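The lines below spell out each chain.
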Amino acid sequence: MNTLTEISAGTYRIDAGRSVCRLVATHAFGLKPVSATMALTGGTVTVAEDPERSIASAELDAASFTTDDPRRDRDIRGRRFLDAANHPEIGFRSTRCRRTPQGWQLGGVLAVRGGSCEVVLDLSPAERFDDGYRLVARCAVDRVAAGVRAGRGIIGRTVHIHLDLHAVPVAARS
């Protein structure tokens with residue numbers, strides 16, 4: 001069952017050291033897909049008593065973009081694509097959480113290199129750990145709508161994102 005109600009209400013910090021963002025894009029001509037990773041630098045998940053009022057945020061380090069090709073990595077981190085020197089952070093902020101017939105979805109705004117676009121994350125069931133939860137979310141992003149316009153004719157528009165997050169409770173302050 002795909003449900004947020006299995007997670008205790010409260011605020012959770014994304015443990016950047018145990019979380020990862022994986023990306024997959026294809027060449028425009030359908031050639032071999034390119035897989036990459038990016039490091040999460042932080043974020044929070046607040047699960048409300050009413051799960052549809054839950055919110056989340058996450059930040060990625062644009063300079064951490066890594067594939068199996070160092071030359072490609074420099075190009076993607078560079079001025080034409082992510083422009084990590086001028087826009088070091090890629091951010092997500094949720095605007096809504098809803099249950100659909102297929103499961104829970106988290107909608108929000110993805111901010112990349114000074115631009116932004118709407119995205120919808122499909123959430124997988126949470127997995128309980130001793131110190132928190134493993135949360136998995138997937139989405140497809142139109143990179144051109146997100147502000148990454150370079151590479152037409154080389155890279156397909158759609159980038160598939162897979163977030164594997166470890167969230168630990170934030171201690172309540174007294």
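Parameters and conventions
Residues numbered from 1 in each chain as written. Predicted model: local features only at pLDDT ≥ 70, side-chain atom pairs only at ≥ 80, totals over all residues. Heavy atoms only, no water. Helix = DSSP H or I, 4+ residues; strand = E, 2+ residues; numbered from the N terminus. Buried < 20%, exposed > 50% of the residue type's maximum accessible area, 1.4 Å probe, protein only. Contact = heavy atoms within 4.5 Å. Areas by Shrake-Rupley, 256 points an atom, 1.4 Å probe, with all protein chains shown as cover. Lys, Arg positive; Asp, Glu negative; His and termini not counted. Charge placed at Lys NZ, Arg CZ, Asp CG, Glu CD. Pairing = 2+ DSSP bridges. pLDDT = per-residue confidence, 0-100. Phe/Tyr/Trp six-rings, centres within 6.5 Å; stacked < 30°, edge-to-face > 60°.

K.L.:
Would you mind showing me how to read the overall build of the protein here?
P.N.:
Along its length, the protein carries one helix and 11 strands. Its C-alpha atoms give the protein principal-axis dimensions of about 50 × 35 × 25 Å. Out of the 174 residues in the protein, the part that is buried amounts to 45%. When contacts within the protein are restricted to residue pairs at least 6 apart in sequence, those whose partners lie at least 24 apart make up 57%. Carbon and sulfur atoms provide 53% of the accessible area of the protein, an area that totals close to 9700 Å². Across the protein, the centroid of the 24 positively charged side chains sits 7 Å from that of the 20 negatively charged ones.

K.L.:
Got a minute to help me understand the pairing of strand 10 (residues 132-142) in this structure?
P.N.:
As paired elements, strand 8 (residues 115-123) and strand 10 share two bridges and run antiparallel to each other. Bridge pairing in strand 10 links Leu123 to Ala137. Joining the antiparallel neighbours strand 9 (residues 127-129) and strand 10 is a turn of two residues. When strand 10 meets strand 11 (residues 155-169), the two strands line up antiparallel, connected through 10 bridges. Counted as the bridge partner of Leu135 is Leu165 from strand 11.

K.L.:
Before we go on, may I ask you to explain the confidence of the model for the protein in this structure?
P.N.:
Interpretation of this model should avoid reading the predicted coordinates in detail wherever pLDDT is low. Mean pLDDT over the protein works out to 91, with 94% of the residues at or above the 70 mark. Taken element by element, the predicted model of the protein shows its lowest mean pLDDT in strand 9 (91) and its highest in strand 5 (residues 55-61) (98).

K.L.:
Can you help me understand the packing of aromatic side chains in this one?
P.N.:
To describe a pair of aromatic rings, one takes the distance between the centres and the angle between the planes. This model, assessed by the stated rule, comprises one aromatic pair. A ring pair is formed by Tyr12 and Tyr133, whose centres lie 5.7 Å apart and whose planes are at 80°; its orientation type is edge-to-face. Residue Tyr12 is found in strand 1 (residues 10-14), and its partner Tyr133 is found in strand 10; the two are separated by 121 residues along the sequence. For Tyr133, a relative accessible area of 6% translates into the label buried.

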